[in-house]
Structures are given as C-alpha cells and as structure tokens.
Amino acid sequence: MKKPIIAGNWKMYKTPAETAAFFEAFRPMVAEVTHCEIVICTPFTNLDAAVRAADGSNVAIGAQNLYWGREGARTGEVSGYMLQAVGCRYVVVGHSERRQFFGETDATVLKRTLAALEYGLTPIVCLGEHLDERESGRTEAVLSDQFEGGLAALTPEQFAEVVIAYEPVWAIGTGRSATPDMANETHRFIRGKIAAKFGAAQAAATRILYGGSVNPANASTLMAEAEIDGGLVGGASLEPESFTRLVNY
Ligand code: PGA
C-alpha cells in the first residue's frame, strides 16, 4: 500500500529558533498520525534544528535543493552527502521557483535527482506548467518534456525511489488551486508517462503529490481524488495549526 505524503515546503522562511518553536507545537499535535508520511522541507540553515526537534517523531525532514557531487570547489552549494549527514531524508528537486529564478533545467533536475538517490535521500521532483502553457493547450507537452528530460534516464530501481510533485506554476502562492478534477486528470497523464517508461506496476506505486495553494479548506477534496497521493504545501505549512489540519485532511 502506498502511503500518502503531506510535505511542507517552507521556502525562504523561518530561523532556527522559529523552527524549534514550530516543532514544539506541531509534534504533539501529529503524534498519533499514521495515515500519511509527514515531511517538512526547511531552508538549509534550519535543517539541523529541525532534525533535532523532530528526532524520535513521525516527522521527516527534507531540504529544498541540493548540488550534485560529494564535495569540492562549489562556493555556496550544499551536497546530498551533507544533507544526509545532517539527518535529512527528503529533498525537493526542480521546484518551479528554482526553474524560474535560478536557472534550473531538466538536465540539472536529472543531476540533482541522481545525487539525491546516491546519498539515500528521497527526491520530490517537481513538474508543472505555466499559465500561458495551460491556456494554450500545451500542458501535456510541457510535462512530457520535463518528465523525459528530468526523469526518464533513471533506471527502474532509481525511479522506484522517486516522489513526484505536480505543481501548476499559476497555482503556487496565488490562492488559485487547480480544481480537483483538473489536478486528477493531470496526475493521470503523468502516471501514464510513468507507465509507458517504467511499467504499470511502477506507475501504480509512484506517489504523485499535488502542490499549489493547498490549504485546510481544499485539501480534503483534492486528496479524495484517486490519482492524488498527497500534497506539497507552501504557505499553509508555516503554522503548526494549519499544517496539522492539512495532515489530517
Ligand atoms: P503554496 O506553494 O502552497 O504556497 O502555493 C506550494 C509550493 O510552492 O510548493
């Protein structure tokens, strides 16, 4: 049985002290949760505080990016080796904000995904179309390209460890979520790509999270869709109460 994942993406928010305060409130509220995996992806500077605060709990910690390679002359970068050493278990790869503002491409998504796998981290690989692409009927072509360029080169064994997040760019941070129908249909398309490349059994087993303005009010209808296996949540993951409501969708 594949377990849904509710993952928070804190983006560039919170200090270590704020991270500790979050977990102090959040941990007891979700202590009994077994129906889903809970992940919180923090800025690099909070990973150590988050791992310590979540130690012994049912909350796993993730990063929001990584560099390929183990160590070296790459000023400003952080590797999978380092993330593993700090106690991270997940890492977001190819978020649209990285594609948009930091030159991420499908080729670098592939390198980062491979690096995550090499160091035992579960990559949460993000795919998604821009508004003009959706409106001009190019959603499937865009997702196809992202899948082919970023994931299709993995071996079946490698792909089995990957989590996918479908995040329509126009829905991120806008309050305008995709409708459950629209998200479900797009997830089905992505699952079809997985089936064609890695087989039907793998397609059924892969978790595809939806992200983009998920909040406590819309989570249950989104998560009720057959093709949606969890959520990647930005804004609504920052407060313990709202993220607990999401975890308990
Ligand atoms: P949002 O962000 O929930 O604030 O829309 C989602 C994301 O960027 O992962």
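Residues numbered from 1 in each chain as written. Predicted model: local features only at pLDDT ≥ 70, side-chain atom pairs only at ≥ 80, totals over all residues. Heavy atoms only, no water.

S.K.: Would you mind showing me how to read the site of the ligand here?
M.R.: Residues in contact with the ligand amount to 13 residues; listed here are only the nearest, Lys11, His95, Glu167, Gly173 and Ser213. One of the side-chain N or O atoms of Glu167 is found 2.7 Å from an oxygen atom in the ligand. Residue Gly173 places a main-chain N or O atom 2.6 Å away from an oxygen atom belonging to the ligand. Burial of the ligand by the protein chains amounts to 95% of its free accessible area of 290 Å². (Near = heavy atom within 4 Å. Polar contact = N/O pair within 3.5 Å; in protein donor to acceptor, adjacent residues only side chain to side chain. Areas by Shrake-Rupley, 256 points an atom, 1.4 Å probe, with all protein chains shown as cover.)

S.K.: Just to check I follow, could you spell out the pattern of salt bridges for this structure?
M.R.: Any two side chains of opposite charge can pair, so long as their charged atoms come close to each other. Tallied over the full model, the rule gives twelve salt bridges. The partner of Lys2 in a salt bridge is Asp229, and the shortest N-O contact between them spans 3.5 Å. Taken together, the residues span a long stretch of sequence, with Lys2 in the segment before strand 1 (5–9) and Asp229 in the loop between helix 11 (219–223) and strand 8 (230–233) at a distance of 227 residues. For Asp229, a relative accessible area of 7% gives the class buried. The salt bridge involving Asp106 is made with Arg99; its shortest N-O contact spans 2.7 Å. With relative accessibility at 21%, the residue Asp106 sits in the partly exposed group. Given the relative accessible area of 19%, Arg99 is considered buried. Overlapping salt bridges, with partners in common, bring together Lys2, Arg188, Arg191, Glu227 and Asp229 in one network. (Salt bridge = Lys/Arg side-chain N within 4 Å of Asp/Glu carboxyl O. Helix = DSSP H or I, 4+ residues; strand = E, 2+ residues; numbered from the N terminus. Buried < 20%, exposed > 50% of the residue type's maximum accessible area, 1.4 Å probe, protein only.)

S.K.: Would you mind going over the sheet that holds strand 7 (residues 208–211) with me for this structure?
M.R.: Note on sheets: strands pair through backbone hydrogen bonds, and any given pair is parallel or antiparallel. Within the closed barrel, the eight strands sit side by side as 1-2-3-4-5-6-7-8. Their pairing is parallel. Averaged over all adjacent pairs, the angle separating strand axes in this sheet is 25°, with direction ignored. Pairing of strand 2 (residues 37–41) with strand 3 (residues 59–63) involves four bridges; the strand directions are parallel. Residue pairing for strand 3: Cys41 is matched across the bridge by Gly62. Set on the sheet, helix 12 (residues 240–247) makes contact with strand 1, strand 2 and strand 8; between it and strand 1 the angle comes to about 155°. (Pairing = 2+ DSSP bridges. Axes fitted to C-alpha atoms, helices over the stretch in contact; angles between N-to-C directions. Contact = heavy atoms within 4.5 Å.)

S.K.: Whenever I open this one, the layout of surface pockets confuses me. Can you help?
M.R.: Any space left empty among the atoms is revealed by the rolling of a water-sized probe across them. In this model, the largest pocket occupies a volume close to 440 Å³. Lining the largest pocket are 15 residues; nearest its centre among them are Lys11, Met12, Gln64, Arg98 and Phe102. Counting residues per element, the lining of the largest pocket draws most heavily on helix 4 (residues 96–101), at three residues. In terms of residue class, the lining of the largest pocket is made up of six nonpolar, six polar and three charged. Volume-wise, the second largest pocket comes out at about 220 Å³. Taken together, 19 residues line the second largest pocket, and the ones lying closest to its centre are Lys11, Gly173, Ser213, Gly234 and Gly235. Here the lining of the second largest pocket is composed, by residue class, of eight nonpolar, nine polar and two charged. (1 Å grid on protein atoms, 1.4 Å probe; cavity = no way out; pocket = protein on both sides within 12 Å on 5 of 7 lines; lining within 4 Å. Points joined across faces, edges and corners; volume = space filled by probe spheres on them. Nonpolar A, V, L, I, M, F, W, Y, C, P; charged D, E, K, R; others polar.)

All we've got here are geometric facts, nothing functional implied.
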